[in-house]
Amino acid sequence: MKKLGGLSFSAKIVLIVFLAVLPMVAITLVSMYELKLSTDGRQMALIENNFDQAYRTLEEKMEGVHAISTLMTVNEPVNTALRSASKEDMRQQLSSFEAITSYVRNIEMSHEGTRVYLFVDDEYMIAQDRSTRYRAISALQGMPWSPSLLHGMGHPQWIYTESLLEKGQISLTQMRALMDHNDYTQTLGVLAVSLEEAQVQGVLGNAIAEQFMAICTEDGQVLTSNGADKPPMDTLPVRSNQDAFSLLSMGGAEYYLAARELSDSGLYLVSVLPRSLMNQEVSMVRNRVLLSYLAIFLLMALI
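**Observations regarding the overall build of the protein chain**
Right, on to step 1. Check the secondary structure of the protein chain and you find eight helices and 10 strands.
Right, on to step 2. The proportion of buried residues among the 303 residues of the protein chain is 42%.
Right, on to step 3. In the protein chain, the proportion of contacts linking residues at least 24 apart, taken out of those at least 6 apart, comes to 54%.
Right, on to step 4. When the accessible surface of the protein chain is totalled, it reaches about 16,500 Å², and 57% of it is carbon and sulfur.

Put into structure tokens, the structure is as follows:
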């Protein structure tokens, strides 16, 4: 110790560098690289699991909506009531629609967060009283998807609609024309089965911190999201084969992005995460190590 104490300051620095600092730096670099690989793997696995879980949950909810839609479409009493209403007086019409309402309520009670609506002929009195269940079919005129819906022979169509079903509400909705079972060239009305926005947000809101999760159209337009910071782009690069997370450059920064179509709906669940987030844990460890080395270096220089 006395011999070391007699060295000049510059000699001490050189000795510390060769005997302590360089080996420690080499070990640290290797350790940090291994830590980064391990951390990246864990974080990516967490992100992928989170995305898969959100996708499965939304798929289940949308399958429930489709099941309701199918039940309403094939239900003969519903079809008969709609077909007969055009020939009935007001009292009989109300009775027919009450039978439909009773059936629909039972379905809604068994499927939390779903609502069923019917767009019927404008001449029906029940379509004129701004009922929350029955709407005038003329309300669908002018909608971009209306022609394909009305001429789709009952083929279901998914939309994300605002202020169509309930004012101020946004809903993920499956719509389909209800065809006359006795004459499939005739449309009796249009069925709309909606998944309440709270149900969708309950899924999107389970994303990890800074993870942007949204439902988008095929061209990348965001319809609804969890409210996290969106990449600085008008539309997201959604691609049908982009099932796994891939690294993309958007708006001058790098992001991990994955997209997956929901129930053949033409809508996609999209998850985006800044690449910088993946490095935060490693950066924190690195900064602590560097501070420790600095303290050791200063302590040994004072010996």
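**Here's the deal with the nonpolar core**
Right, on to step 1. Within the largest apolar cluster, 48 residues are counted, with the highest numbers of intra-cluster contacts made by Met72, Leu82, Phe97, Ile100, Leu118, Leu172 and Leu269.
Right, on to step 2. Per-element tally for this core: the top contributor is helix H2 (residues 9-74), with 10 residues.
Right, on to step 3. Once you skip the residues sitting within four places of it in the chain, phenylalanine 97 turns out to touch Leu82, Ala85, Val120, Tyr124, Ile126 and Tyr134.
Right, on to step 4. If you look at the next biggest cluster of nonpolar residues, it comprises 13 residues, including Leu236, Leu248, Met250 and Val270.

**Here's the deal with the pairing of strand S7 (residues 222-225)**
Right, on to step 1. As judged from the three bridges shared by strand S6 (residues 212-217) and S7, these two strands associate in the antiparallel manner. Looking across to S7, one finds that alanine 214 is bridged to serine 225.

**Remarks on a nonpolar patch on the surface**
Right, on to step 1. Together, Met90, Leu94 and Met125 make up a nonpolar patch on the protein surface, roughly 290 Å² of accessible area in all.
Right, on to step 2. Summarising the element assignment, methionine 90 is placed in helix H4 (residues 90-109).

**Quick notes on helix H6 (residues 197-204)**
Residue pairs three or four apart in sequence face the same way in an α-helix, which turns once every 3.6 residues.
Right, on to step 1. Here H6 has its buried residues at Glu197, Gln199, Val200, Val203 and Leu204. The buried residues of H6 occupy an angular sector of 160° when projected down its axis, which confines them to one face.

**Brief notes about the packing of aromatic side chains**
Right, on to step 1. Scanning all chains against the criterion turns up two aromatic pairs.
Right, on to step 2. Geometrically, the ring pair formed by phenylalanine 97 and tyrosine 134 is edge-to-face, given 4.9 Å between the ring centres and 65° between the ring planes. Placement of the pair is phenylalanine 97 in helix H4 and tyrosine 134 in strand S2 (residues 134-136), with a sequence separation of 37 residues. For the pair phenylalanine 97 and tyrosine 134, one class covers both residues: buried.
Right, on to step 3. Here the basic side chain of arginine 260 rests over the ring of tyrosine 55, its NZ or CZ set 4.7 Å away from the ring centre.

**With respect to the sheet that holds strand S8 (residues 246-250)**
Right, on to step 1. Read across the sheet, five strands follow the order S7-S6-S10-S9-S8 without closing on themselves; strand pairing throughout is antiparallel. The open sheet has two edge strands, S7 and S8, and neither has a second partner. Within this sheet the neighbouring strands show an average axis-to-axis angle of 35°, counted without direction.
Right, on to step 2. Each of S6, S7 and strand S10 (267-274) is contacted by H6, which is oriented at about 75° to S7, the strand it contacts most.

**Some remarks on the pattern of salt bridges**
Right, on to step 1. Enumeration according to the criterion identifies five salt bridges in this entry.
Right, on to step 2. In this structure, aspartate 180 and arginine 83 form a salt bridge, with 3.1 Å as the shortest nitrogen-oxygen distance. Of this pair, aspartate 180 sits in strand S4 (residues 170-180) while arginine 83 sits in helix H3 (residues 76-85); the two residues are 97 residues apart in sequence, bridging distant segments of the chain.
Right, on to step 3. When its relative accessible area of 16% is taken as the criterion, arginine 83 is described as buried.
Right, on to step 4. Among the ionic pairs, glutamate 108 bridges to arginine 115, the shortest N-O distance being 3.6 Å.

**Here we look at unusual backbone geometry**
Right, on to step 1. Positive phi is not limited to glycine here, since serine 263 has a value of about 50°.
Right, on to step 2. Relative to the assigned elements, serine 263 resides in the loop between strand S9 (253-261) and S10.
Right, on to step 3. Backbone geometry places aspartate 264, a non-glycine residue, at a positive phi of 50°.
Right, on to step 4. The topology assignment puts aspartate 264 in the loop between S9 and S10.

**Observations concerning the packing of H3 against H4**
Right, on to step 1. One can describe the packing of H3 onto H4 by two numbers: an axis separation of 9 Å at closest approach and a directional angle of 160°. Taken together, the axes of H3 and H4 lie roughly antiparallel to each other. Considering the relative orientation of H3 and H4, their crossing is left-handed. Contacts between H3 and H4 involve Val78, Ala81, Leu82 and Ala85 on the former and, on the latter, Gln93, Ser96, Phe97, Ile100 and Tyr103.
Right, on to step 2. Taken together, the residues of the contact of H3 with H4 sort by class into seven nonpolar, two polar and no charged.

Reading guide: rules and limits
Residues numbered from 1 in each chain as written. Predicted model: local features only at pLDDT ≥ 70, side-chain atom pairs only at ≥ 80, totals over all residues. Heavy atoms only, no water. Helix = DSSP H or I, 4+ residues; strand = E, 2+ residues; numbered from the N terminus. Buried < 20%, exposed > 50% of the residue type's maximum accessible area, 1.4 Å probe, protein only. Contact = heavy atoms within 4.5 Å. Areas by Shrake-Rupley, 256 points an atom, 1.4 Å probe, with all protein chains shown as cover. Core = buried A, V, L, I, M, F, W, Y, C linked by side-chain atoms within 4.5 Å. Pairing = 2+ DSSP bridges. Patch = residues over 30% accessible without salt bridge, like charges linked within 9 Å, V, L, I, M, F, W, Y side chains within 5 Å. Salt bridge = Lys/Arg side-chain N within 4 Å of Asp/Glu carboxyl O. Arc of directions from axis to C-beta. Phe/Tyr/Trp six-rings, centres within 6.5 Å; stacked < 30°, edge-to-face > 60°. Lys NZ or Arg CZ within 6 Å of the ring centre and 35° of its normal. Axes fitted to C-alpha atoms, helices over the stretch in contact; angles between N-to-C directions. Parallel < 35°, antiparallel > 145°, perpendicular 65-115°, else oblique. Left-handed = near helix turned anticlockwise from the far one by under 90°. Nonpolar A, V, L, I, M, F, W, Y, C, P; charged D, E, K, R; others polar.

Taken by themselves, the reported measurements are silent on function.
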